[in-house]
Amino acid sequence: TYLDSNGGERTIDAQTPDYGTANDRGLRWQAGLGAWRVPGSRVHEQTPCWDVVYAANSSGARDAERARHSGEFRVVILGDAFLEGRGVQPQERVSDRLEGDTGYEHLCFAGGAGGLEASYRVYRELAGQFDHDALIVGVTPAYDLRPAAADALQPGWRRELRRFTWTWNA
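It should be emphasised that the depicted structure is a prediction, and the values quoted were computed from it without experimental measurement. (Residues numbered from 1 in each chain as written. Predicted model: local features only at pLDDT ≥ 70, side-chain atom pairs only at ≥ 80, totals over all residues. Heavy atoms only, no water.)

Undergrad: Quick question: what am I supposed to make of the sheet that holds strand 7 (residues 74–78) here?
TA: Across a sheet, strands are paired by hydrogen bonds formed along the backbone, either parallel or antiparallel in direction. Reading across from one edge, 8-7-9 is the order of the three strands in this open sheet, with parallel pairing throughout. The outermost strands of the open sheet, each flanked by one partner alone, are strand 8 (105–108) and strand 9 (134–137). Recorded for the sheet is a direction-independent mean angle of 25 degrees between the axes of neighbouring strands. Sheet contacts for helix 2 (residues 94–102): strand 7, strand 8 and strand 9; angle to strand 8, the most-contacted strand, approximately 170 degrees. Along the sheet face, helix 3 (residues 115–125) touches strand 7 and strand 9 and points at about 145 degrees away from the line of strand 7. (Pairing = 2+ DSSP bridges. Helix = DSSP H or I, 4+ residues; strand = E, 2+ residues; numbered from the N terminus. Axes fitted to C-alpha atoms, helices over the stretch in contact; angles between N-to-C directions. Contact = heavy atoms within 4.5 Å.)

Undergrad: Would you explain the environment of Gly40 in this entry?
TA: Within the secondary structure, Gly40 is located in the loop between strand 4 (34–37) and strand 5 (42–46). For the pair formed by Gly40 and Glu65, sequence separation is 25 residues and the distance between their alpha carbons is 9.8 Å.

Undergrad: Just checking my understanding: could you explain the pattern of salt bridges for this structure?
TA: Any two side chains of opposite charge can pair, given that their charged atoms come close. The full count for this structure, using the stated rule, is 10 salt bridges. For the salt bridge of Arg37 with Glu84, the shortest nitrogen-to-oxygen distance reads 2.7 Å. Residue Arg37 is found in strand 4, and its partner Glu84 is found in helix 1 (residues 81–84); the two are separated by 47 residues along the sequence. Judged on exposure class, the residue Arg37 and its partner Glu84 are both buried. The shortest N-O distance in the salt bridge between Arg66 and Asp63 comes to 3.0 Å. Both residues of the pair, Arg66 and Asp63, belong to the buried class. Each of Asp63, Arg66, Arg74, Arg93, Asp96, Glu99 and Glu105 takes part in one network of salt bridges that share partners. (Salt bridge = Lys/Arg side-chain N within 4 Å of Asp/Glu carboxyl O. Buried < 20%, exposed > 50% of the residue type's maximum accessible area, 1.4 Å probe, protein only.)

Undergrad: Sorry, what's going on with the packing of aromatic side chains here?
TA: Between two aromatic rings, the relevant description is the distance of the centres plus the angle of the planes. Summed over the entire model, instances satisfying the criterion amount to two aromatic pairs. Positioned above the aromatic ring of Tyr54, the side-chain terminus of Arg37 is 4.4 Å from the ring centre. (Phe/Tyr/Trp six-rings, centres within 6.5 Å; stacked < 30°, edge-to-face > 60°. Lys NZ or Arg CZ within 6 Å of the ring centre and 35° of its normal.)

Dropping the structure here:
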């Protein structure tokens, strides 16, 4: 439900996405990482909203296969299913569009669930092993910054978010 430009209330009929279906066979709950794709898996997900194949690389990330070492400028992207591109074709994902627009590799290590703590652990255990010069961390405020999630963060991680991110401070 939303307000139109005349102040009238409008409703859009939309089916709620089902994130817990059997179509997620390529996902597994990995301690510390949250929901993470099985390395090398290919899963076809067809819903009334989308028809997508999710292909995971050897790290379990929904991304192209990447070399660990590179002398070129590269960006690592962390976040949840929104940044992973749930429901969209690879060329429409944020990471692929940024890579196409900038010419720099954008290594997508976003995925699954688990909030900021899971993103931190994915970075520490997987993404941080790849050479990169910049980091983008996607945040879904309704999930990642609510008080329960903030209280679960390790003190050092919370301090770094406060020092270096506008969203946390907002």
